[in-house]
Number of protein chains: 2
Amino acid sequence: MFESSVYANRRRVLLERMAGAKGIAVFVGNADAAMNYRGNDYKFRQDSSFMYYWGIDEPWFAAVLDLETGDECLFGNDVDIDDIIWMGPQPSVASKGALIGCSRTAPLPEFDKTVLEAVAKGRRIHFLPPARYYNQMKLAQLTGIPADDVRKVGAGASEELVKAVVSMRLIKEACEIEEIDKACEIGYEMHTEARRGCKPGVLEQEIVGRMEGITLSKGWGVSFTTILSQNGETLHNHSHHQIITPGRLLVVDAGAESNTHYASDFTRTYPCSGKFTTKQREIYDIVEQANEVAYSLTKPGTSYWDVHLATARYMLEQLKALDFVRGDVDEMLHQGISGLFMPHGLGHNMGMDVHDMEDLGENYVGYGDERQRHPLLGLGNLRMARNLKPGHVVTDEPGIYFIPALIEQWKREGTDKGFVNYAKLTDYYDFGGIRLEDDVLVTEDGARRLGSRRLPIKSKDVEDIMSQE
Amino acid sequence: MFESSVYANRRRVLLERMAGAKGIAVFVGNADAAMNYRGNDYKFRQDSSFMYYWGIDEPWFAAVLDLETGDECLFGNDVDIDDIIWMGPQPSVASKGALIGCSRTAPLPEFDKTVLEAVAKGRRIHFLPPARYYNQMKLAQLTGIPADDVRKVGAGASEELVKAVVSMRLIKEACEIEEIDKACEIGYEMHTEARRGCKPGVLEQEIVGRMEGITLSKGWGVSFTTILSQNGETLHNHSHHQIITPGRLLVVDAGAESNTHYASDFTRTYPCSGKFTTKQREIYDIVEQANEVAYSLTKPGTSYWDVHLATARYMLEQLKALDFVRGDVDEMLHQGISGLFMPHGLGHNMGMDVHDMEDLGENYVGYGDERQRHPLLGLGNLRMARNLKPGHVVTDEPGIYFIPALIEQWKREGTDKGFVNYAKLTDYYDFGGIRLEDDVLVTEDGARRLGSRRLPIKSKDVEDIMSQE
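In this text the structure is predicted, and so the values were computed from the model without any measurement.

Here is what the cut-offs are and how they apply
- Numbering of residues starts from 1 in every chain and runs along the sequence as written.
- Labels are handed out in written order, letters beginning with A for the chains and numbers beginning with 1 for the ligands.
- In view of the model being predicted, local features appear only for residues whose pLDDT reaches at least 70, and side-chain atom pairs are presented and counted only at 80 or more, with totals across whole chains, interfaces and linings using the full set of residues.
- The side-chain figures draw on all heavy atoms in the structure; neither hydrogens nor water molecules are used.
- Residues below a pLDDT of 70 in either copy are left out; the C-alpha atoms of the rest, at least 70 in both, set the least-squares superposition of the copies.
- Note on contacts: a residue pair qualifies if any of its non-hydrogen atoms lie within 4.5 Å across the two residues.
- Pairing between strands is defined by DSSP: at least two bridges between the two strands are required.
- Runs of H or I in DSSP of at least four residues are treated as helices and runs of E of at least two as strands, each being numbered from the N terminus.
- Note on method: axes are straight lines fitted to C-alpha atoms, helices fitted across the in-contact stretch only, with angles between N-to-C directions ranging 0 to 180 degrees.
- A cavity here means a set of 1 Å grid points, computed over protein atoms only, where a 1.4 Å probe fits but cannot escape. A pocket is an open set with protein on both sides within 12 Å along at least 5 of 7 lines, and lining residues have an atom within 4 Å of a point.
- Grid points are joined across faces, edges and corners, and a volume is the space filled by probe spheres set on the points.
- Residue polarity follows a fixed list, in which Ala, Val, Leu, Ile, Met, Phe, Trp, Tyr, Cys and Pro are nonpolar, Asp, Glu, Lys and Arg are charged, and the others, Gly among them, are polar.
- Think of it in three bands: with a 1.4 Å probe and only protein chains considered, a residue is buried below 20% of the maximum accessible area for its type, exposed above 50%, and partly exposed in between.
- Neither His nor the chain termini are counted; the positive set is Lys and Arg, and the negative set is Asp and Glu.
- Between Lys or Arg on one side and Asp or Glu on the other, a salt bridge is scored when a side-chain nitrogen of the former is within 4 Å of a carboxyl oxygen of the latter.
- Under the rule applied, a polar contact is a pair of N or O atoms within 3.5 Å (in protein, one hydrogen donor and one hydrogen acceptor; residues adjacent in sequence only if both atoms are side-chain atoms).
- What counts as buried area is the accessible surface, traced by a 1.4 Å probe, that two parts surrender upon association, with contributions from both included.

Caption draft 1: Focus on the relation of the copies chain B and chain A. By a simple turn and slide, chain B fits onto chain A: the slide is 0.0 Å along the axis, the RMSD is 0.0 Å, and the turn is 180°. Taken together, the rotation and translation relating the two chain copies correspond to the operation of a two-fold axis. By C-alpha distance to the rotation axis, the residue of chain B lying nearest is G213 of chain B, at 1.8 Å. Looking at the interface residues of chain B, 100% of them are also at the interface in chain A, so both copies use one shared face.

Caption draft 2: Expanded view of the sheet that holds strand 4 (residues 61–66) of chain A. Residues and elements named next belong to chain A. With respect to topology, 5 strands assemble into an open sheet ordered 6-5-4-1-7, the strand pairing being mixed. In this open sheet, the two strands that pair with only one neighbour each are strand 6 (105–106) and strand 7 (125–126). In this structure, strand 5 (residues 72–76) lies alongside strand 6, joined through 2 bridges in parallel fashion. Across the sheet, residue L74 finds its bridge partner in strand 6, namely T105. On the sheet, helix 1 (residues 4–17) packs against strand 1 (24–28), strand 4 and strand 5 and is oriented at approximately 45° with respect to strand 4. Lying on the sheet, helix 6 (residues 133–143) is in contact with strand 1 and strand 7; it crosses strand 1 at an angle near 145°.

Caption draft 3: Local environment of empty space enclosed by the protein. Within the structure shown, the criterion is met by 11 cavities of 30 Å³ or more. Approximately 200 Å³ is the volume found for the largest cavity. Taken together, 18 residues form the lining of the largest cavity, with A33, R132 and Y133 of chain A together with A33 and Y133 of chain B sitting closest to its centre. Partitioning the lining of the largest cavity into residue classes produces 11 nonpolar, 3 polar and 4 charged.

Caption draft 4: Quick look at the side chain of D47 of chain B. All names here are of chain B. Inspection of the secondary structure assignment puts D47 in the loop between strand 3 (40–41) and helix 2 (48–54). Despite its burial, D47 pairs with no opposite charge, the nearest such side chain being R169 at 6.1 Å. Within the structure, D47 has its side chain in polar contact with the backbone nitrogen of S49 (distance 3.2 Å).

Caption draft 5: Inspection of the interface of chain B and chain A at higher detail. Listed by partner, the interface residues are 67 residues for chain B and 67 residues for chain A. Counting the surface chain B buries against chain A, the share from its top three residues, R38, W86 and Y133 of chain B, is 16%. Linking chain B with chain A are 2 salt bridges. Between K218 of chain A and E206 of chain B there is a salt bridge, with the nearest N and O atoms lying 3.1 Å from each other. Counting the contacts that link chain B with chain A gives 32 residue pairs in polar contact (both at pLDDT 80 or more). If you list the elements that add at least two residues to the side of chain B that touches chain A, you get strand 2 (34–37), strand 3, helix 3 (81–87), helix 6 (133–143), helix 7 (147–150), helix 10 (204–218) and helix 16 (404–413) of chain B. Per element, the largest residue contribution to the side of chain B that touches chain A is 9 residues, and it comes from helix 10 of chain B.

Geometry only, nothing functional implied.
Structure, rendered in structure tokens:
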């Protein structure tokens, strides 16, 4: 955790950004989450916004911030003798409050009373859309808002609070960037392990286990479920039961969460034989250069929407040179033809969450009032479109995929408007996909790839290092 | 997963055991569980009873079994093109039904309709106490029972169904024992890694990460959050931030879950220096022999309550020989004096859950109608007290701990009735604790320790192997 002043300062800024708002802001910390029964829980993960403002990395806490008076209180239970036997002696809630600069603390049941009293007085209760069902149930019970509405911004969750929190968490503080760099170091080690494990005959699950072991040894764990698949055309493939097979491509999309709960997120694609085929290298080099194009454009004064489009244009030009598509590139871009090959966006914000603040609403986070979301596949899936500012942390993750079901659908429905050379594509139905991803900080005058070392990415470098491993 | 007949047969037996019951039994499979936002989920874990009867290891399924007609239906959604892009092509729900011998399937929204219709007709809705908040919310919404009551057996959950399910899951089938043996093999590898890592200067978290990496490479993951601590006197210590320090003891209580979701659960205690001190060896050898005493008594025809008591008696006799306690051992046993040193029970049932079926109610599982729970610390914490039968799988995990807060409380409150030699205990406030645990199958004529190899346990064997590693 950071110094107490970090948390106190964040709450002060939040009060400023909520100036004029009536009522109280309530924060329900995460409860234990049962794996198979209550008491046998998943590894505890605090709610990110609770962690951001209140710093307590333990279950069963809550907090209230009075937006009118600035009064604040942290709620949690002190331990009894039974807890000491099972969990050991624990610092008091009051001393935990002191560590986050919060002088008022109270037992957890007081939280319910405080909120219920505010509701009874007709005060406005501001809260963020809860990610977890427990928090959703709790907020529904306390506020009387139906459980299904609690998560809807406006109907339940507070739009003012969402916007204020997003405005703060989007711009990373120096202490946060330090932690993201640490998560990137662990991510580097995970991916190095994956590359070394990518040998014919190895079970995918073996590699995944070793990678995740590293994140658990050095940090909190994975920042998201590892994607390690020879079916890279499936964007979020979480099955790991295949054997590494010569001739195929292995997409590894994985990241670590630091002990302080900051994420990294990298993707590399490896030739399972150690060498790319000509077909594979042609596509790989386009994606590798697309990643570079995006990085070179990432700086204050441009928007990530424009960076996405420039990257898509680059890929279409190259795909045209290889005769996958035919016609005017501007027109193709306009018609969203790149979405057939890259049905996702160029990247997303990253911070305490790998898709930062996704629970607060993707459009609040990645678009704000700056821009409307586009309807087309690809650009429409872009999670971060904002004008770039120093302190933004984004992923740069172009990809090219050959997804048989999608190609067939476009062909059937004429979605390609005649731009796609389907005859050429028939040879690529068993190709899979390629994605290459780095994490990038927007700086005052440009950008910096996070982590102290970049994972090998050029096709020749990848082949060289794989031949030595 | 097992052959389809396994699941069909279990449902047939369940119908038999529920013979005469009115209404329908409903099973809500687990949903995805958000780690920090919905879509960024913890590794999926199915509800164990859902898995047991319906075999589907994926989120967003449900099932209904009509207790009067025997009609059954599996509910789940088939995928659309968006799902294919992100998750790949998937088998149909109908084909998944065929794999578990269930010929009727329907889309998930039909589940809600089916239950609501049955409620409207006044039919009895039988369900198990849900472990997860989503399932709790869902059952409350469908049945109209308040969320807080849904989990209470009788008020919400069905006692008949709980008893029928417990009666079946308690006695492990041959195919289940095979899977538990596999989980024990992975547990053996985890613990071997831990023992090898137990060297002065190593960070506890490093060892934990490597152990958990093994479970993820070979199985589903951990069967519970790993306990690896030099403060072994804290029974469930989940912090791993200390450095292995010469002279201390390292308690490692950890287990694996197989890919088919069966658990293992072992504990070993290592001298951080590689050699036990005399004080440590004296206590260690008592615990090691207590584990043996318990094992030798574990067989059909005795109860685990009696095995617990015999083990506690053995430990009291030995502690008396070392002058920790003074007086009549029978009387000490009667007064629960062993609870000061071992405030937990000898063991618990183990199966798909490491504390098997704990979500169904510890007393239904470990006591049934056979016995009432005892109020005293120690025996009162015994999770499995039943008369042993072939097919029971239990843990054998005696321990001796020196818990300063508990000792002080007993001294202050006179709980020891004069049996405890507090003067001797003052030298043990920094001792920590020792626990030694194996997993045991009750067979037709005795018992078998599960897994093909037993982790080294005798103090000499542990020292010998540590000196070679």
